[in-house]
Amino acid sequence: MSLASAYVNGVGLAGPGLPSWTEAQAVLRGEQTYAPTELAMYQPSLLPPNERRRASPAVRMAFRVAEEATRECAADTLATTFVSADGDLQIAHRICAALATRERFISPTDFHNSVHNAAAGYWSIATAAQGPSTAISGWDTGFAVGLIEALSMVQIEGLDTLLVAYDLPAPEPLWTQRPLAAPFGVALLLSREARVGTWGRIELQCTAGTETSLDNSALEQLRLSNPAARALPLLCALARRAPSELDFAWIDDTTVRTALIPV
Amino acid sequence: MSLLAITHYTVTSALGHGRDRHIAALESETSGLAQVRFDTCELACWLGEVAGLDAPLPPELAAWECRNNRLAWLALHQDGFFEAAQSLRARYGAHRVGVFIGTSTAGIHATERAYAEMGTSLPSWFDYRHTQNIYSTADFIKHALGLQGHALAISTACSSSAKVFAAAYRAIEMGVCDAAIVGGVDSLCLTTLYGFNSLQLLSADICKPADTTRNGISIGEAGGFALLEKPTRVKSHLHSLLGYGESSDAHHMSSPDPQGRGAAQAMQRALQRASLNAHQIGYINLHGTGTKANDNAEDKGVLSVFGAETSCSSTKGWTGHTLGAAGIVEAALSLLCMEHNFLPRSLQTRDKDPELRCNVLLESQRAPLTRVLSNSFGFGGSNCSLLFGMNA
């Protein structure tokens, strides 16, 4: 029995060798060879200059995919769910390093950017969206947890919802304890109604299963390199517009099974 | 109408361990704030420190060892909550009880200590995943209670552990779980002390919400939890979640919209969700941090939704601002106030700011109280209002 469903009316993507959803689709369909080239720096277009200056790489990553997924809709009416396993470890590193010095000078900007909902806050400012917005973590199963949370906004609150999952590798020395191999971000615009050109409808259920892996070994390696990249099987299916059933790791032997029904 | 039955709850803060200490402190007007020294902090400030965090975690949970999880463990064991949670697990099954935990900084104090000790590499005792990581607190509670279902951390700064009620309601309605353990835990750390100090929001004086001379927050630590079930699945219940409202300021990262529009939207949505009018609410537990900006903005927000008559106060003069735990602390205080027909005054407020027009209580009152609204607002403009009711 399906718990919830929504149309995927927009997609955003960024990871090594996958600079945007538009550019990545041929790779995800298997028509082009995957080459994990480094991502170029991104300047969020929706942030006012002051905020753009203050935005951290993690916020830029969230904006990069959120801007792409919402290019063709009114972003101010959306609810948002931001998922990050780790939050901004570059800032946590700078703050903890500063606290270990005699002066203990913390940059005020670093402090207010250190909150887990920094990207959510900047996004609401940039889009003038006053709806519900949340920032969550589910460790390595965060993508499945985020799908549930975002779909519950659609299903129970009746709000079109932007799901953004992103994580960046930590700097040393934290990297030794959390060795993410690559930055990754994904955004899904989840809506109650299909728009022209929708990528299809997804239906969620929680069921016994094992998580779906990818045949392409380089993409499979990427999938395992970052909690947000666990979304890759869904992205591959969306790019193919192929009816699919995909299992995302959730709890122990139970997965969040996501059926994609192309429209 | 009851959205969810609240079948058990507990709170631990600077006021003490468990509910009795909290209502006693409210009634006797005894603040938990004191000029104590935390760790190596050299800032002049008042703190709401929880006593009794010296004992290590039990060996089977030692991986999660840090101040935040010690506080979680201590709080779980007050008011018979641990046993009530076990009974909930037995009734619904370990897979069907969700865990929704708010925190703003989790166990980052462990990382601060690790960096202070660090030579060429991090000390061997440091465990990022089980302490600093924002999910670690939810993970710890899930393991401590032997649960195997949906679990997540909500971290939206100071609205975190208010938003857990809304997320749990949606998950239960959707069928992801049948019941929920919601709560929040935030513990003292240098990051928030020096961080709020860098923003000039940390008061050297004891915090004085709504006072003319207020000049910032006093930071506290706390943990609290509640059990939530569908009203149709319990025989009887005293307390209910009647409504909730979430909104975003869309204004600024660290200061509220001066007009309080986002705050007003959260309160309005909570009333709408509960199908109640403003005049049906007996008391508002304000976010009331004691900064100029928060108290001014919240006042405008409350005024626009409730007018100037509804009794309201902040309880942060007692507990301090417990940040990611503020939502659950003030939810628990709201429930306690209904049980005891007690409307607390605004502690340390001697000279109410004439610019504030809401009915901030300067004397505590005894009066029948069956519906309370509790506000929690955070950095990034994240707002959440909760509406609680008590069955008469």
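The coordinates are above.
What counts, and where the lines are drawn
Residues numbered from 1 in each chain as written. Chains lettered and ligands numbered in written order. Predicted model: local features only at pLDDT ≥ 70, side-chain atom pairs only at ≥ 80, totals over all residues. Helix = DSSP H or I, 4+ residues; strand = E, 2+ residues; numbered from the N terminus. Rg over C-alpha atoms; globule rule 2.2 N^0.38 Å. Contact = placed C-beta atoms within 7 Å. Nonpolar A, V, L, I, M, F, W, Y, C, P; charged D, E, K, R; others polar. Pairing = 2+ DSSP bridges. Buried ≥ 20, exposed ≤ 12 C-beta atoms within 10 Å, placed from the backbone. Expected span 1.5 Å × (residues − 1).

Caption draft 1: Layout of the overall build of chain A. Scanning chain A for helices and strands turns up nine helices and eight strands. For 263 residues, the compact-globule estimate of 2.2 N^0.38 gives 18 Å, and the C-alpha radius of gyration of chain A, at 18 Å, lies within 12% of that figure. Principal axes of the C-alpha set define a box for chain A whose edges measure 60 × 40 × 35 Å. Put simply, 72% of the contacts in chain A that link residues at least 6 apart link residues at least 24 apart.

Caption draft 2: How the structure looks around the interface of chain B and chain A. The interface is formed by 51 residues belonging to chain B together with 51 residues belonging to chain A. Breaking the side of chain B that touches chain A down by element, the ones donating at least two residues are helix H4 (108–117), strand S5 (151–154), helix H6 (160–174), helix H7 (190–198), strand S9 (239–248) and helix H8 (261–274) of chain B. Top contributing element to the side of chain B that touches chain A by residue count: H6 of chain B, with six residues. Tallied by class, residues from the side of chain B that touches chain A come to 22 nonpolar, 22 polar and seven charged. Looking at chain direction, strand S3 (residues 133–137) of chain A and S5 of chain B are connected through two bridges and run antiparallel. Bridging across to S5 of chain B, serine 137 of chain A finds its partner in alanine 153 of chain B.

Caption draft 3: Spatial organisation of the pairing of strand S4 (residues 161–167) of chain A. Residues and elements named next belong to chain A. Buried residues dominate S4, accounting for seven of its seven residues. Alternating positions in S4 separate into two faces, Thr161, Leu163, Ala165 and Asp167 on one and Leu162, Val164 and Tyr166 on the other, with burial throughout. Two strands pair when backbone bridges link them, and strand S2 (residues 79–83) and S4 are joined in this way by five bridges, in the parallel orientation. Paired with alanine 79 across the strands is threonine 161, a residue of S4.

Caption draft 4: Looking closely at unusual backbone geometry. A cis amide bond links glutamate 172 of chain A with the next residue in sequence, proline 173 of chain A, at an omega value of 5 degrees. Inspection of the secondary structure assignment puts proline 173 of chain A in the loop between S4 and strand S5 (184–191). Non-glycine residue glutamine 200 of chain B carries a positive phi angle of around 60 degrees. Judged by the 11 C-beta atoms lying within 10 Å of it, glutamine 200 of chain B is exposed. Even without a glycine there, the phi angle at leucine 323 of chain B is positive, about 55 degrees. Locating leucine 323 of chain B in the fold gives a position in the loop between helix H10 (316–319) and helix H11 (326–339). For leucine 323 of chain B, a count of 32 C-beta atoms within 10 Å translates into the label buried.

Caption draft 5: Here's a closer look at helix H9 (residues 292–306) of chain B. Residue and element names in this part refer to chain B. In this model, H9 (15 residues) spans 21 Å end to end at C-alpha, consistent with the 21 Å of a helix rising 1.5 Å per residue. Taken as a whole, H9 has its buried residues at Asn294, Asp295, Ala297, Glu298, Asp299, Lys300, Gly301, Val302, Val305 and Phe306. Where H9 is buried, its residues touch H8, strand S10 (283–285), strand S11 (311–313) and strand S15 (371–378). A positive backbone phi angle near 75 degrees is found at glycine 307, which sits one or two residues after H9.

Caption draft 6: Expanded view of the pairing of strand S8 (residues 222–229) of chain B. Residues and elements named next belong to chain B. Counting buried positions along S8 yields eight of eight residues, so the element is predominantly enclosed. Both faces of S8 are covered, namely the face carrying Ala222, Gly224, Ala226 and Leu228 and the face carrying Gly223, Phe225, Leu227 and Glu229. Note that strand S1 (residues 4–13) and S8 share seven bridges and pair antiparallel. Note on S8: the bridge partner recorded for alanine 5 is glutamate 229. Where strand S6 (residues 179–186) and S8 come together, eight bridges link them in antiparallel fashion. Counted as the bridge partner of aspartate 186 is alanine 222 from S8.

By themselves, these are just geometric observations and shouldn't be taken as functional.
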